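Okay, here's what each chain looks like letter by letter:
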Amino acid sequence: MQYRRSSLLAVCLFFSALLPAQQYPFVHYTPKDGLVGNQIRSIYQDSKGRLYFTSPNGLSIYDGARFINYTSQNGLAFDIVNCVMEMGNDSIWIVTNTNRINCLVNGKLKTLDLKNENLPVINNLCRDDDGVLYAATDQGLYYFDKNRFIKLPFVDTSGRDINFYINTLASVGNYLLVQRNNALLTEHKQSLYLYNKKTKKITAEIEKILSTGISPDGRIWVSNEKNIMSVDLMALKKGKIVLKELPAKFEKLKNRGRYFIVFDKQGNCWLGDQNPVLIKAAVDGSITSFTTASGLSMPYINCIFQDREGSTWIATNNTGLDKLVNSNFTCIEKPFGFGGPMYLSYNQYKDELLLCSSLNSKAVIIKNDQVVRNLQVKDANSIEKLFETPHGFYGIGINTVYKMIESGNTLVPKIILNDSSDNVYGNFFVDRNGTLLISGNYNLTAIVNTGTAIPLNNHMIEHGEIICRRKLNFYTDNISMDSKGNIWIATRANEIVMFATHRDDPVNYLEQKYFFSKGLPNISPRSIVIDKKDNIWIGSRSDGIYSFKIINGNLIQQFHLNTGSGLSENFIFYLDCDVDNNIWACSYSGLDKISIKDGMPVIENITKENNIYQSVTKVVFDKNNTTWGLVSNGLIKITTDTKRPATYSPALLISLVKSGKDTITEKESSSLSYVQNNLSFNFAATSFIGEKQIQYSYQLLGGSNDQWSEPSNSASVSFIDLHPGHYALNIKAIFPADRYPVQSIRYNFTILPPWWQTWWFRSIAGLFVVGIFIVGFKTYYRRKLEKQRAALEKQQAIEKERTRIATDMHDDLGAGLSRIKFLSQSILNKKMNDEVMTTELEKITSFSDEMSEKMGEIIWALNEKNDTLADLVAYTRSYAVEYLANHNIECEADTPLHLPGTFITGEIRRNIFLSVKECLHNIVKHAQATRVFFSVQLNEKVQIIIHDNGRGIDWNDQRAFSNGIQNIEKRMKDIRGTVSFSNNNGVEVSMTIPLNL
């Protein structure tokens, strides 16, 4: 135990010799973040990138946006989960510490149905290169075949059956490396067994092996009580276990026993146990240590896992998960005990960092991560910035520039420039000539070192330094240099100025070449840098970063970046450019890196991604392209980024669909009832590098709004009161710094209409309506036909009755009138001498003739055989001609030659005839006419015109005609006809009767 403590102390001393304790940007996950428990036993990643964390409290699945937990309360066989393994597309076996296995299929938890009557308690599963599945169980070694676990023999080299309490398995070629659970064994041999899968026999055994690790390139390391050893692979192929020393580059790992061993995908070996130090041994032999002071939650580690993006997950025994995304990023808090304001500078000529603290009155020089010199600074309170140039140390204070004179390990300030009119000095810059340039309130100052103190007007100062100053319109904060050695500044008055340098003319060292007062927006510049392609980058006070290019002497804007583009903040007070032409931006919110990909800027939030939320005031780059940043309480160090797996592409998944409180398990398309129209979707992209910065956008096709939503960090969306129809939800994930291409996914679903809106119901309802209509139509027409039949029968009865009346009148009344006429004529024929009697008899005879004539008209009107238009026209014409002829009036009749047999009722015939008769009677009685024109015309109507050449009608004296005219008008109205009377060389009467009566 004493030896082990000495070894740990040596490790700690070794690392402290390099730099003060470095903190790594661990991200911590606990139950507060949704993790099922603080004690994580193992970690697994499926083919879609989701991470599975087993624990004694259940299972957690992390998709990058949320933890989804399974316990015995929601279907898990037991809370203690031993391991998980993917068995198919979206099908995961969950092995609990019972004789049951759960299967998670499309998010739905089931119990696996196996043929085993008594399933063993499985501790671990292992699949070899041939796809054979082996199980380490409390009951022994098994393999899986035809939906059943089959027990294998497991007899040691001495012939003992030791087929119980098997804990871990690892497949190596034709062999299995097997270890048993020593905590449950009485002999506590802690043996490693080599098991031949073909012969099903143990071929070799070695005792006192605590842990075994297999690297991606096939190396096998083991640890025992005292050492970490490697396994001879050639001997292993022959069925033997032979241990040998590690290669010489891993000398620092000698005499380190009792560690568990895990290799990551890059071949780095992680070594840990309950000791304070977790060690990572890189492939090249370099060592990195992690302790609680480095940011690790606790030193007791259960397992270490590296995901497909290269992030390392450390499962602790009682503090949840630690994730290390960037092991190339470290924080150094209060380096060397420095407190208060610090300043960082880099001497590119010596490849040295200079870090100073005015509060501590000291400075240190660092090279290759080691302190090479400690310096005391005299009067440090008056010095704000301390730096080293090829010509020595310099300091800058308010209104003052100091030359720092070395006296042993002490720097003593000596004033070389004091100008109260310039008020404040800004930053410094050392150009390619080694000349020191200092920005000020109203001047740009160049301190040119000539090497000797030569008198030259008023410009000579000690040590041969000549000061060249150029007037500025306003304060400038930073200075930069282009590829040709020209000096660039940006003033707060929105001006860009370029100076050429003249090494051979120190007095006129700075010559103004360009002055741009137009083209730069009103942004109040605070920083400037010229990149390797001579593009100008300007950091502003409140509007982010602008990029310009000079074309034909004109300032042309290229890019404008702000928080909307991804910057941490819009106030950028320092910019710098590294050897790869990346722009680094410092602000109160942290450090951003801007790189150009495919002609467009891509922003990476360096500090935010690494859980650092402090202002970064300055960055410098050493010759190894390591980035050093000055933060409020120390330093950050970013080494060259390790290449991440190029083949990995995160999957965009819809992890949960819910309708109200009901979970919808269908993954690709769903048909939902009309009451399931309030839907919520959870989705995630399985990337775990700055996963909280992944932005999501969605589009719902089929709804009222099919526009894409604004990208946001929210990984869920809800829709309320969706109408029945077909929908497609499109989701896309946008990754920070364009780390991956935009991922997209589509989820199709249908909300079914209520039964009363379905096609089949509408079809049935339509058929029902049509049926009702047909029945109603038939009923209506049947009733109509019945009415018509009844009316016809009634009409026939009337006609029959009319015919009977006519017949009776003809037979009875006609005979009686004829008899009266005959008797009258008989008396008259006797030649009576009584004149009175003769006169009366003649009247009786005349009345009999007249009554017979009228009775004939009535019989004609009553007789149903005359109910046609042809009969009406013929009879009326005949009557008119005969009646007028009897009164010596000429009648000209004009009627159609061909008359239709259109049915005309007796009432219409009677009214028409009586109206014509009334007109003719009026002509004979009143008109004094000698000629009458009688005309009948047919054109969907019957028009009868009677025109005489008489004296006309005196409308002022209608008393003689009023009854006749009124009777005619009334008769026409009764049969829905019209009549008109007009004087036109006599009286013209026009009667019009519709035929569709």
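Whatever comes next refers back to the structure up there.
Thresholds, definitions, all that
Residues numbered from 1 in each chain as written. Predicted model: local features only at pLDDT ≥ 70, side-chain atom pairs only at ≥ 80, totals over all residues. Heavy atoms only, no water. Axes fitted to C-alpha atoms, helices over the stretch in contact; angles between N-to-C directions. Helix = DSSP H or I, 4+ residues; strand = E, 2+ residues; numbered from the N terminus. Parallel < 35°, antiparallel > 145°, perpendicular 65-115°, else oblique. Left-handed = near helix turned anticlockwise from the far one by under 90°. Contact = heavy atoms within 4.5 Å. Nonpolar A, V, L, I, M, F, W, Y, C, P; charged D, E, K, R; others polar. Phe/Tyr/Trp six-rings, centres within 6.5 Å; stacked < 30°, edge-to-face > 60°. Buried < 20%, exposed > 50% of the residue type's maximum accessible area, 1.4 Å probe, protein only. Lys NZ or Arg CZ within 6 Å of the ring centre and 35° of its normal. Patch = residues over 30% accessible without salt bridge, like charges linked within 9 Å, V, L, I, M, F, W, Y side chains within 5 Å. Areas by Shrake-Rupley, 256 points an atom, 1.4 Å probe, with all protein chains shown as cover. Salt bridge = Lys/Arg side-chain N within 4 Å of Asp/Glu carboxyl O. Pairing = 2+ DSSP bridges.

Caption draft 1: The packing of helix 6 (residues 869-886) against helix 7 (residues 906-927), seen in detail. Relative to each other, helix 6 and helix 7 sit at 15°, their axes nearing to 11 Å. With respect to helix 7, the axis of helix 6 lies roughly parallel. Crossing of helix 6 over helix 7 shows right-handed handedness. Residues Leu872, Tyr875, Thr876, Tyr879, Ala880, Tyr883 and Leu884 of helix 6 pack against Arg909, Ile912, Phe913, Val916, Lys917, Leu920, His921 and Val924 of helix 7. Classifying every residue of the contact of helix 6 with helix 7 gives eleven nonpolar, two polar and two charged.

Caption draft 2: Broad picture of the packing of aromatic side chains. Following the criterion strictly, the structure yields 53 aromatic pairs and no others. Between the aromatic rings of Tyr747 and Phe749, the centroid separation amounts to 5.9 Å while the plane-to-plane angle is 40°, which identifies the pairing as tilted. With a relative accessible area of 1%, Tyr747 lands in the buried category. Pairwise contacts between aromatic rings join Tyr29, Phe53, Tyr62, Phe67, Trp313 and Phe688 into one cluster. The aromatic ring of Trp708 is capped on one face by Lys732, whose charged end is 4.5 Å from the ring centroid.

Caption draft 3: Structural context of the environment of Lys280. Mapped onto the elements, Lys280 comes out in strand 25 (residues 278-281). A sequence separation of ten residues divides Lys280 from Phe290, and the C-alpha atoms of the two residues are 8.1 Å apart. Beyond its immediate sequence surroundings of up to four residues, Lys280 is in contact with Asn268, Cys269, Trp270, Ser286, Ile287, Thr288, Phe290 and Ser327.

Caption draft 4: Molecular detail of a nonpolar patch on the surface. Together, Tyr674, Val675, Trp755, Trp756, Trp759, Trp760 and Ile764 line one region of the surface with nonpolar side chains, adding up to about 850 Å² of accessible area. Mapping Trp760 onto the fold places it in helix 4 (residues 759-829).

Caption draft 5: Quick look at the pairing of strand 9 (residues 101-105). The element strand 9 is extensively covered by neighbouring structure, given that four of its five residues are classed as buried. Sheet topology note: the strand 8 (residues 91-96)/strand 9 ladder contains five bridges and is antiparallel. Considered in strand 9, the bridge of Trp93 is made with Cys103. Of the strand pairs in this sheet, strand 9 and strand 10 (residues 108-111) are connected by four bridges, and their pairing is antiparallel. Along strand 10, the bridge assignment pairs Leu104 with Leu109. Between strand 9 and strand 10, which pair antiparallel in sequence order, lie two residues; one of them, Asn106, sits at a positive phi of approximately 50°.

Caption draft 6: Seen up close, the sheet that holds strand 36 (residues 392-397). In spatial order, the strands read 31-32-33-34-38-37-36-35; together these eight strands make up an open sheet with mixed pairing. The sheet terminates laterally at strand 31 (342-347) and strand 35 (385-389), the two strands that pair on one side only. Strand-to-strand twist in this sheet, taken as the mean axis angle between neighbours without regard to direction, amounts to 30°. Note: strand 34 (residues 370-377) against strand 38 (residues 410-418), two bridges, orientation parallel. What sits directly across from Val377, in strand 38, is Leu411.

Caption draft 7: A look at the sheet that holds strand 12 (residues 133-137). Overall, antiparallel pairing links the four strands, which are arranged 11-12-13-14 in an open sheet. With partners counted over all chains shown, the strands left at the sheet margins are strand 11 (122-127) and strand 14 (148-151), one partner each. Within this sheet the neighbouring strands show an average axis-to-axis angle of 30°, counted without direction. Looking at chain direction, strand 11 and strand 12 are connected through five bridges and run antiparallel. Considered in strand 12, the bridge of Cys126 is made with Tyr134.

Caption draft 8: Seen up close, the environment of Asp738. Along the chain, Asp738 turns up in the loop between strand 64 (725-734) and strand 65 (743-751). Classification of Asp738 by relative accessible area gives partly exposed; the value is 48%. For the pair formed by Asp738 and Val602, sequence separation is 136 residues and the distance between their alpha carbons is 6.6 Å.

Caption draft 9: Looking closely at the pattern of salt bridges. By the definition in use, this model includes 18 salt bridges. The residue Arg160 makes a salt bridge to Asp156 at a minimum N-O spacing of 3.3 Å. Judged by relative accessible area, Arg160 falls into the partly exposed class, the value being 38%. Taking relative accessible area as the criterion, Asp156 reaches 5% and is therefore assigned buried. The salt bridge involving Arg373 is made with Glu406; its shortest N-O contact spans 2.6 Å. Here Arg373 is found in strand 34, whereas its partner Glu406 is found in strand 37 (residues 400-407), with 33 residues between them in sequence. Among the residues examined, Arg373 registers a relative accessible area of 26% and is labelled partly exposed.

Caption draft 10: Up close: the environment of Asp138. Here Asp138 lies in the loop between strand 12 and strand 13 (140-145). Judged by relative accessible area, Asp138 falls into the partly exposed class, the value being 21%. For the pair formed by Asp138 and Asn123, sequence separation is 15 residues and the distance between their alpha carbons is 7.1 Å.

Nothing here speaks to function; it is geometry throughout.
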